[in-house]
Amino acid sequence: MTSAPHRPSPQLVFETLSAFQRSAALEAAIELDLFHLIGDDSLTAAAIAAKLNAPERGVRILCDFLTLLGFLTKSENRYAQTPTSLTFLDPRSPSCVAGTAKFTNGPVVSQPFFELAEIVRKGRTTLPGDGTVDPDNPVWIEFAHSMAPMMGPMAAPLAAIVLHGATRPMQVLDVAAGHGLFGIEVAKANPNAVITALDWANVLNVASANAVRANVQERYRLLPGSAFDVDFGGPYDIVLLTNFLHHFDEPTCVSLLKKVHAALNPGGKVASLEFVPNEDRVSPPACAAFALVMLATTPSGDAYTLSEYERMHLAAGFSRVTGQPVPGGPHTVVIGE
């Protein structure tokens with residue numbers, strides 16, 4: 001007996017068209033501080049509404065939807081947190097990443113997706129100027145403040161990869177330092193490393209404050225300006241390029257990598273933290289999907305494959321290029337030597 005032919009379903013279409021409802025519900029819960037209000041308790045919609053000083057109807061509907069998504073549980077009309085929300089959305093948790101929504105779902109990053117057809121027609125972002133890479137764009141101040149909880153767990157693995165146990169005196173340049181956590185982690189792992197953080201002056205205020213909190217401020221230098229224009233100084237033993245190259249086209253990346261290569265000591269290396277898809281460009285999903293973010297928010301950025309990064313580094317004068325996945329995350333550290 002032959003099996004019945006597979007009948008296509010429109011479910012994927014409808015789920016994708018309505019996916020914005022999921023992010024909107026979670027954003028609302030974060031804005032309302034809902035997970036903090038529930039805490040370790042099990043509360044009715046009426047009790048939550050009283051804490052929020054809001055009508056019960058809206059609270060009940062939102063909490064039911066969050067239950068459908070897996071962020072809350074519901075038993076006998078009482079809502080409680082799940083392990084996921086307790087760990088990653090409750091501000092009491094050291095692993096809370098709720099604050100990242102201010103950047104990832106903020107208007108500069110999210111608005112272009114509502115104009116994606118026009119962006120595809122134009123081949124570049126519809127944001128003013130050069131989008132998120134416009135000089136001194138204030139969005140990077142928000143990035144420095146908001147994204148530290150997401151980037152923080154990757155800082156120690158990156159430091160371990162680039163240092164490889166070295167504790168000798170060294171000079172490290174952290175390009176587009178942002179929150180500064182990657183350079184700071186190198187300074188913590190190597191007490192003889194001096195870090196120079198390069199970024200826009202207002203962004204460096206955030207990195208500098210983080211260096212003080214980490215007690216490495218005595219070995220933390222600030223270099224304000226554009227990575228393409230400012231004199232790097234040096235020479236350096238390590239240059240960090242974290243979450244940066246993907247914003248630009250290949251010729252621009254090669255030009256910057258040439259500048260980095262010229263600023264390195266003999267035997268020095270550059271370490272780039274990147275979303276690196278496989279050569280098929282559709283796997284793994286988190287890395288492959290990042291290309292759409294670059295299409296929406298930059299004039300020419302992309303998610304580059306390892307072979308493309310290798311080509312860029314070799315064109316810039318590096319002789320050896322390797323990629324090392326960051327444990328527990330979607331990123332790869334691309335090392336050029």
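That block above? That's the structure.
This structure is a prediction, so every number in the text was calculated from the model and none was measured. Positions within a chain are numbered from 1, following the residues in the order the chain's sequence is written. At least 70 in pLDDT is required for a residue's local features to be given in this predicted model, at least 80 for side-chain atom pairs to be given and counted, and no such filter applies to totals for whole chains, interfaces and linings, which use all residues. In computing side-chain values, all of the structure's heavy atoms are included and hydrogens and water are not.

> Mind laying out a nonpolar patch on the surface, listing which residues take part and the relevant values?
Together, Val13, Phe14 and Leu17 make up an exposed nonpolar region whose accessible area comes to about 330 Å². Classification of residues uses two cut-offs on accessible area relative to the type maximum, computed with a 1.4 Å probe and protein chains only: under 20% is buried, over 50% is exposed, and between them is partly exposed. On the basis of relative accessible area, Val13 is assigned to the partly exposed category, the value being 47%. A patch consists of residues exposed above 30% relative accessible area that lack any salt bridge, with like charges linked at up to 9 Å and nonpolar side chains (Val, Leu, Ile, Met, Phe, Trp, Tyr) linked at up to 5 Å. Accessible areas in this description were obtained via Shrake-Rupley with a 1.4 Å probe; residue shielding takes into account the shown protein chains only. When a carboxyl oxygen of Asp or Glu lies within 4 Å of a side-chain nitrogen of Lys or Arg, that pair is called a salt bridge.

> How would you summarise the packing of aromatic side chains if you had to cite specific residues and measurements?
The rule is short: rings of Phe, Tyr and Trp, with Trp giving its six-membered ring, pair when the centres are within 6.5 Å, and they are stacked under 30 degrees, edge-to-face over 60, tilted in between. One pass over the structure, following the stated rule, counts 5 aromatic pairs. Here Phe228 and Phe248 contribute two aromatic rings whose centre-to-centre distance is 5.0 Å and whose plane-to-plane angle is 80°, an arrangement assigned as edge-to-face. Taken as a pair, Phe228 in the loop between β6 (220–224) and β7 (236–242) and Phe248 in the loop between β7 and α14 (250–262) lie far apart in primary sequence, 20 residues in all. For Phe228, a relative accessible area of 34% translates into the label partly exposed. Given a relative accessible area of 11%, Phe248 falls into the buried group. With centroids separated by 5.6 Å and ring planes inclined at 75°, the aromatic side chains of Tyr304 and Tyr309 adopt a geometry described as edge-to-face. Above the face of the Phe232 ring, Lys259 is positioned so that its terminal group lies 4.3 Å from the ring centre. Working definition: helices are DSSP H or I runs of at least four residues, strands are E runs of at least two. Numbering for both runs from the N terminus. The rule for a charge over a ring is simple: NZ of Lys or CZ of Arg within 6 Å of the ring centre, and within 35 degrees of the ring normal.

> Please provide a residue-by-residue account of the nonpolar core, values included.
Within this scheme, the nonpolar core is defined by two criteria: the residues are buried Ala, Val, Leu, Ile, Met, Phe, Trp, Tyr or Cys, and they are joined through side-chain atoms within 4.5 Å. Within the largest apolar cluster, 41 residues are counted, with the highest numbers of intra-cluster contacts made by Val162, Val172, Phe182, Val186, Tyr220, Leu240 and Val333. The element contributing the most residues to this core is helix α11 (residues 148–163), with 9 residues. Dropping the residues within four chain positions of it, Tyr220 is found in contact with Ala177, Gly180, Ile184, Ile195, Ala197, Ala207, Ser208 and Ala211. Only heavy atoms enter the contact rule, under which two residues are in contact if any of them lie within 4.5 Å.

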